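Summary of the model geometry
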Amino acid sequence: MTNYANYAYYTDTYKGAVIDTVSFDLYARKATQEIKKYTFNRVQDDNIPDEVRMCCCELAELIFKHDKGSD
């Protein structure tokens with residue numbers, strides 16, 4: 001499975017700074033799975049819209065904060 005966002009996108013485009021490099025893939029994968037569930041797998045892995053990448057980053061941060069208990 002391809003994550004909808006990678007760490008370079010997270011830091012360079014989304015400008016995220018909450019999730020560390022080591023943890024990002026795990027949280028991006030969790031976010032990607034949630035997005036896939038709600039979009040019924042309609043996002044094509046070879047053509048991921050920027051809005052979906054941004055959503056992946058935002059959701060990854062929310063899941064990360066929830067897991068760390070800093071809601």
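Preceding this paragraph is the structure being described.
These notes cover the structure that comes with them. Values in this document were obtained by computation on a predicted structure and should not be read as measured data. (Residues numbered from 1 in each chain as written. Predicted model: local features only at pLDDT ≥ 70, side-chain atom pairs only at ≥ 80, totals over all residues. Heavy atoms only, no water.)

So, about the pattern of salt bridges. The final tally for this structure, using the stated rule, is three salt bridges. The salt bridge involving Asp 67 is made with Lys 30; its shortest N-O contact spans 3.3 Å. Of this pair, Asp 67 sits in helix H3 (residues 50–68) while Lys 30 sits in helix H2 (residues 21–39), and the two are 37 residues apart along the sequence. The exposure class of Asp 67 is partly exposed, given its relative accessible area of 40%. The class of Lys 30 is partly exposed, set by a relative accessible area of 30%. (Salt bridge = Lys/Arg side-chain N within 4 Å of Asp/Glu carboxyl O. Helix = DSSP H or I, 4+ residues; strand = E, 2+ residues; numbered from the N terminus. Buried < 20%, exposed > 50% of the residue type's maximum accessible area, 1.4 Å probe, protein only.)

Once that is clear, we can look at the packing of aromatic side chains. Per the counting criterion, the structure on display carries five aromatic pairs. Judged by centre distance (5.6 Å) and plane angle (70°), the ring pair of Tyr 7 and Phe 24 falls under edge-to-face. Residue Tyr 7 is located in helix H1 (residues 7–12), and its partner Phe 24 is located in helix H2; the two are separated by 17 residues in the primary sequence. Its relative accessible area of 0% is what places Phe 24 among the buried residues. Considering the side-chain rings of Tyr 27 and Phe 64, the 5.2 Å spacing of their centres and the 85° angle between planes classify their relative orientation as edge-to-face. Taken together, the positions of Tyr 27 in helix H2 and Phe 64 in helix H3 put the pair 37 residues apart, joining distant regions of the chain. (Phe/Tyr/Trp six-rings, centres within 6.5 Å; stacked < 30°, edge-to-face > 60°.)

So yeah, pure geometry; function would need other evidence.
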